[in-house]
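Structural features, examined
Here are the chains, one letter per residue:
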Amino acid sequence: MQRKFSRRDLFAARTPSIDFATYEIPVDQVPVPPANAEVFPTACEYCIVGCGYKAYVWPHDEEGGSKAARNALRADFPVAPATGAWISPSMHNVVKRNGKLHHVVIVPDGENAVNRQGNHSVRGGALAQKLYNPTRPTADRLQTPLLRVRGMLLPISWDAATSIVAEVSKHVIARHGEASWATRFFSYHFWENTYAITKLAFASVGTPNAAEHDKPTAENDATGLDDCGVDGFSAAYKDWKEADVIYISGNDPYENQTILFTEWIAPGGAKIVFVNPRKSPTAAYAERTDGVHLQLLPGTDSILNNGIARVILENSWEDRAWIGKVIAGRAEIAQEKSNWRRARFGLSFDEYKAWLIADDEYRLDNVAKVTGVPAQKILRAAELIARPRGQVRPKASFLLEKGNYWSFNFPNSASLSALGLVCGAGGRPGQVMSRAGGHQRGMMKAAGYPLAKSNAVYHDVKPGDPSGGKIPLNTDLAVFEGKTRLTWAIGTTWVTALSAGQSLRDKIAALTRQHAAQVSSFDKDQAIATLKQRVDNGGMVLIQQDIYQNDLTEYADLVLPAAGWGEENFARAQGERRLRIYSKFYDAPGEAKPDWWIVAEVAKKMGYSGYAWKTSNDVFEEAVTKSKGGAYDATAVVELAKRTGKRAHDLLTELSTTGIQLPARIEAGKLVGTDRLHDQTFPADKDANKIVKQFNTASGKAILMKGDWRSVKPVRERFSPRDGELWITNGRINELWQTMYDDLRKAAVKRRYPSNFLFINAADAMPRGIESGDLVSVENDFVVNILGEATKGAISLVAYVTDEVAPGVAYTYTFYPGQNANNVVPAITDPVTGVYNYKLGKGRVAKIGETPLKKLEGGMSFVPRSIG
């Protein structure tokens, strides 16, 4: 008998600590900031685009008027939406500032250089809802350090918490070596924080056992793009507007970088070649505007990219003048003494062309067969991006993101970078290659990753390979092999973020909560002794640092409360390297502290020097010294600030929501930004960093990287669906952000998606008796973990029957708490870089029962989304 599930059942199963009734509070009016309200420049917390916003803050017992002279927005109300003056209920909250109640409204700033019309995404338009307010769903913010005593997380002091972390850390390093001390940390949450973390991990401890939040290793993201010499964020947003055609691979900008699409891509009128397994809103737009959607099967990007390149070469459509000017030959490739991938996979143009033409895998008929994309569409794509119109070549640009490099990291991104270079893209107005991006660029490393200490190497390493063919250590493997004795997880859910998630959970549980050595007293010395006993007997200590409890918390020994966006002055860059201030405008809850402060307190107690920072600005000014010469060089900001007697943060505040595009330089006493990197049109007589004028290689020329489908073909075949299974791929969706740490606490979002979903084609749904609104199971009996062991994984989802996915392919949101897509994704790594192939899940899909959502109860709609 099939069970029927209530909407409350679905919600409570995932977030039992939050009362659903708190989401049903109607709001019919919003206060207007008075003329004397304080105004703080900031930018959006969420996606890479980094739209500019202003926070207006004023005492709770005051209110402005509807006339321009009586309000801080200088507007006569009523006003139209999306003007920078219209305030929705989602833009208002009540907070404490300097210990007193204040109103705050956070509205888009129409006078900045990104969202220039005062527009906003559904995410940015609700920034105010993320602020701590004890009467709203954010009441469950972490506010005090917690120690697990007799199985329960209970409050302790900051002195005790930092002492425990420091003492156990020192013991682990002394007894088991620095590689046994691990950290997993965000790469997005502001330069000040990531600088402090990497200073401790890489400069002080010197551990190779470290990785950013979304990867098992410290490897870069789009490695094939990096290796060809193009920085991941080399383009200016205006380049997308100037392009004639944009090749978009593994990304959906209409949905996930909304303002980038609506203000910078669509207005330029570029035709879109859209490479994605889903017929999403961007796909629909592409086909409606005379572009083409290449709806490929998951994991076949490299053969598609190379097949298109072969069509171009066979028709002599390549940009020969560009190739002759900027593409490295064999002699220049030989200069790459420190990058083994360039030395191994770099090709001259003649070598590249000969390889593609000689390999029958890249014949048009075979490419169509393997990818599932009709041959005529492949030809159409090649014509759009490369075929000259008379004597004029199309200005083609290339945009990629995780759908590309998270389903075979190196060959997918390398094949795309080579395709772009052949078409003349890489460093000219309207002819660029760049990542679309996920989160903003908050990483500023204090020291480089200690690659020499890693024990991981490329599987086919050869004598003479630069750096010995080493790749960064896999942090998950170190846990499974019992080499990790302490992990400090900062701003990451870890078990949700990585492949073979249920197997990883089981291992972490065995090393932490299920280990015999458990803290049983608040006594600091006793707690330290117990945790030392655990690590000396094969266990692991887990420290979690975050703003909320999440899926990782149940395994944590210590939980440290962090201050976040709006609660401290921070800085970071966005998708065109635009550096801005993210102002502090209200009090952090309870005893929550900035991450840099927490790290510094621990570092000092571990006996390390150089952590005596007093303010966030102190950290920033030190961090910027490490940016010199690179794509994010902000040394001019600090230099100009000092010349004028200011702090660097204060200068950024004056630059407001527009900020400055990096690298920055000083000309005639003023800051000057950089539009694009590797700019072949940049004046030769102007002084600028090498990366501004040249490609980021030893010779300054771009390298055609060999992203070979044959290197991953056997792996894909081994893990492809069988016996009625479907591909279960995953990604983002417009309304949801990352692990939903804020979305869980936003009424409108929870009403729209009270459960994670499974997009499934009618051809797959009907034989299984599945309709939209049914609860379905997805089970994979071949979820190989990082040890190569076959384990099992499962999730339950609400069916969403749609033609957005093709037959044989289903799609779900990646990080929905309690319904994690990575449960059914094997921990198979890219053969070159060691990065997981997160997009290549699979499973058997079956109906469990019905939910009230099937009758459109509760706000979850199943209408078609691919409307373009």
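Residues numbered from 1 in each chain as written. Predicted model: local features only at pLDDT ≥ 70, side-chain atom pairs only at ≥ 80, totals over all residues. Heavy atoms only, no water.

What to know about the overall build of the protein chain
Rule in force here: Where helices and strands are cited, they refer to DSSP runs of H or I of at least four residues and of E of at least two residues respectively, numbered from the N terminus. Between the two quantities, the radius of gyration covers C-alpha atoms and the globule rule is 2.2 Å times the number of residues to the power 0.38. Here the open area of atoms and residues is found with the Shrake-Rupley method and a 1.4 Å probe, where only the protein chains shown may cover a residue. Under the counting rule used here, the positive set is Lys and Arg, the negative set is Asp and Glu, and His together with the chain ends is not counted. Throughout, a charge is located at the NZ atom of Lys, the CZ atom of Arg, the CG atom of Asp or the CD atom of Glu.
Each helix and strand counted, the protein chain has 28 helices and 32 strands in total. Over its C-alpha atoms the protein chain spans a radius of gyration of 26 Å, differing by no more than 12% from the 29 Å that the globule rule assigns to 868 residues. Based on the C-alpha atoms only, the size of the protein chain along its principal axes is roughly 70 × 65 × 60 Å. Element-wise, carbon and sulfur atoms account for 50% of the exposed surface of the protein chain, whose accessible area totals about 29200 Å². Averaging the coordinates of the 106 positive side-chain charges in the protein chain and doing the same for the 95 negative ones gives two points 1 Å apart.

Here's the deal with the sheet that holds strand S4 (residues 92-97)
To be explicit about the condition: Strands pair, by our definition, only if DSSP identifies at least two bridges between them. Each axis is a line fitted through C-alpha atoms, taken for helices only over the stretch in contact, and angles between the N-to-C directions span 0 to 180 degrees.
Pairing is antiparallel in the open sheet, where four strands are placed in the order S2-S3-S5-S4. A strand with exactly one partner marks an edge of an open sheet, and here the two such strands are strand S2 (38-43) and S4. On average, adjacent strands in this sheet sit at an angle of 35° to one another, irrespective of strand direction.

A word on the environment of Trp355
Take Trp355: it is sitting in helix H13 (residues 349-358). Considering only alpha carbons, one finds Trp355 and Asp708, 353 residues apart in sequence, at a separation of 9.8 Å.

Thoughts on the nonpolar core
Selection rule: Only buried residues count toward a nonpolar core. Its members are Ala, Val, Leu, Ile, Met, Phe, Trp, Tyr and Cys residues joined through side-chain atoms within 4.5 Å. For each residue, the accessible area found with a 1.4 Å probe, counting protein chains only, is set against the maximum for its type, and the residue is called buried under 20%, exposed over 50%, and partly exposed in between. Contacts are assigned to residue pairs that have any heavy atoms within 4.5 Å of one another.
Ile106, Trp488, Leu579 and Phe585 are the most contacted members of the largest nonpolar core, which totals 131 residues. Broken down by element, this core gets its largest block of residues, nine residues, from helix H2 (residues 158-176). Sequence-distant contacts of Ile106, that is, excluding residues within four places in its chain, are made with Tyr53, Lys54, Ala55, Met91, Leu127, Ala128, Leu131, Trp565 and Phe585. Listed in part, the 119 residues of the second largest apolar core include Tyr362, Phe480, Leu511 and Val805.

Thoughts on the domain arrangement of the protein chain
This is how the line gets drawn: In this document the domain limits rely on a domain assignment from an automatic tool or a database.
According to the domain assignment, the protein chain contains domain 1 (4-131), domain 2 (146-220 + 442-605), domain 3 (223-441), domain 4 (616-674) and domain 5 (719-854). The centre of domain 3, based on its C-alpha atoms, is set 33 Å off from the matching centre of domain 4.

Comments concerning the pairing of strand S21 (residues 570-573)
Judged by which residues are buried, S21 turns out to be covered on both faces: Phe570 and Arg572 on one side and Ala571 and Ala573 on the other are all buried. As judged from the four bridges shared by S21 and strand S22 (residues 578-582), these two strands associate in the antiparallel manner. Paired with Ala571 across the bridge in S22 is Ile581. In this antiparallel pair of consecutive strands, S21 and S22, the connection spans four residues, and Arg577 shows a positive phi of 65°.

Here we look at the packing of helix H3 (residues 191-205) against helix H22 (residues 616-624)
Convention followed: The scheme is simple: roughly parallel for angles under 35 degrees, roughly antiparallel for over 145, roughly perpendicular for 65 to 115, oblique for anything else. It is the rotation of the near helix from the far one that decides the hand of a crossing: anticlockwise by less than a right angle makes it left-handed, clockwise makes it right-handed. Polarity classes work like this: nonpolar for Ala, Val, Leu, Ile, Met, Phe, Trp, Tyr, Cys and Pro, charged for Asp, Glu, Lys and Arg, and polar for all others, with Gly in that last group.
With their axes 9 Å apart at the nearest point, H3 and H22 run at an angle of 70° to one another. If you check the angle between H3 and H22, you find them roughly perpendicular. H22 is crossed by H3, and the crossing has left-handed handedness. Listed contacts from H22 to Trp191, Glu192, Tyr195 and Lys199 of H3 are Ser616, Val619, Phe620, Glu622, Ala623 and Val624. Residue composition of the contact of H3 with H22, by class: six nonpolar, one polar and three charged.

Examining helix H19 (residues 501-511)
Residues Gly501, Ser503, Leu504, Arg505, Ile508, Ala509 and Leu511 constitute the buried set of H19. As for H19, its buried residues are in contact with helix H18 (475-480), helix H20 (524-536), strand S19 (541-546) and strand S30 (790-801).

Considerations on the sheet that holds strand S12 (residues 292-294)
Across a sheet, strands are paired by hydrogen bonds formed along the backbone, either parallel or antiparallel in direction. What the five strands build is an open sheet, ordered S12-S11-S10-S14-S15; its pairing is parallel. Of all the strands in the sheet, just S12 and strand S15 (433-435) have a single pairing partner and so form its edges. With direction set aside, neighbouring strand axes in the sheet form an average angle of 15°. Here strand S10 (residues 245-249) runs beside strand S14 (residues 396-400); their pairing, made up of five bridges, is parallel. Paired with Ser249 across the two strands is Leu400, which belongs to S14. On the sheet, helix H8 (residues 281-288) packs against S10, strand S11 (271-275) and S12 and is oriented at approximately 140° with respect to S11.

Some words on the packing of helix H14 (residues 364-371) against helix H15 (residues 375-386)
With their axes 9 Å apart at the nearest point, H14 and H15 run at an angle of 110° to one another. Looking at the two axes, H14 sits roughly perpendicular to H15. Handedness of the crossing formed by H14 with H15: right-handed. Residues Leu364, Val367, Ala368 and Thr371 of H14 pack against Ala375, Ile378 and Leu379 of H15.

Let's talk about the state of the cysteines
Which entries qualify depends on this criterion: When two cysteine sulfur atoms lie within 2.5 Å, the pair is treated as a disulfide.
Using the criterion set out here, one finds zero disulfides in the structure. Cys47 takes part in no disulfide bond, and the closest cysteine sulfur to it belongs to Cys44, at a distance of 6.3 Å. Its relative accessible area of 8% is what places Cys47 among the buried residues. Left unpaired, Cys228 is separated from the closest cysteine sulfur, that of Cys423, by 13 Å.

Examining empty space enclosed by the protein
Worth spelling out the cut-off: With a 1 Å grid laid over protein atoms only, a set of points is called a cavity when a 1.4 Å probe fits there but cannot get out and a pocket when it is open yet has protein on both sides within 12 Å along at least five of seven lines; lining residues have an atom within 4 Å of a point. Grid points are joined across faces, edges and corners, and a volume is the space filled by probe spheres set on the points.
Applying the stated rule across the entire model yields four cavities of 30 Å³ or more. Here the largest cavity defines a volume of roughly 60 Å³. Cys44, Cys47, Val49, Gly50, Cys51, Tyr53, Ser121, Arg123, Thr258 and Ile259 together form the lining of the largest cavity. Looking at side-chain class alone, the lining of the largest cavity contains six nonpolar, three polar and one charged residues.

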